[in-house]
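Results of the structural survey
Residues per chain, in single letters:
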Amino acid sequence: QVQVAESGGGLVQPGGSLRLSCAASGRISSISDMGWHLQAPGKQRELVARITRGGITTYADSVKGRFTISRDNAKNTVFLQMNGLKPEDAAIYFCYSIMAAHGESVRIYWGQGTQVTVSS
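Here is a short report on the structure shown in this document.

Conventions and cut-offs
- Residues numbered from 1 in each chain as written.
- Predicted model: local features only at pLDDT ≥ 70, side-chain atom pairs only at ≥ 80, totals over all residues.
- Heavy atoms only, no water.
- Helix = DSSP H or I, 4+ residues; strand = E, 2+ residues; numbered from the N terminus.
- Contact = heavy atoms within 4.5 Å.
- Core = buried A, V, L, I, M, F, W, Y, C linked by side-chain atoms within 4.5 Å.
- Buried < 20%, exposed > 50% of the residue type's maximum accessible area, 1.4 Å probe, protein only.

**Points about the environment of Val4**
With respect to the element layout, Val4 can be found in strand 1 (residues 2-7). Along the backbone, Val4 and Ser25 are 21 residues apart, and their C-alpha atoms lie at a distance of 6.5 Å. In this structure, Val4 is in contact with Cys22, Ala23, Ala24, Cys95, Ser97, Met99, Tyr109, Trp110, Gly111 and Gln112, ignoring residues within four places of it in sequence.

Shown next, in the form of structure tokens:
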């Protein structure tokens, strides 16, 4: 069994910073892309940032210049450094990993989500 688990959410004031972490664990055969989506109340889940195994990154326009995604392939971990947070960044942040468990096909695995609240 494989799983993805996030950590690092919380309450921060506007302009503040948070660092989210996400680790994939279990009997993993291979991992390709990892990334983050967010879901605000009443809205659809949307991409925040993603990173390939080779380190190529993609960001939503709304977070460019403020958020940085990185990963540690040796630890199957992806990070999201969020600076200059705005109230509109508040949402549940979900990590995902495109990977294959031993003996299984490649598919996307999602974490349970971590709440980010931006408020004074």
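There's more to say after this.
**Concerning the nonpolar core**
If you look at the biggest cluster of nonpolar residues, it comprises 32 residues, and the most contacted ones within it are Trp36, Val48, Leu80, Met82 and Tyr93. Those elements that place two or more of their residues in this core are strand 1, strand 3 (18-26), strand 4 (28-39), strand 5 (46-51), strand 7 (67-72), strand 8 (77-82), strand 9 (91-101) and strand 11 (114-118). Those residues in contact with Met82, other than ones at most four positions away along the chain, are Gly16, Ser17, Leu18, Leu20, Arg66, Phe67, Tyr93 and Val116.

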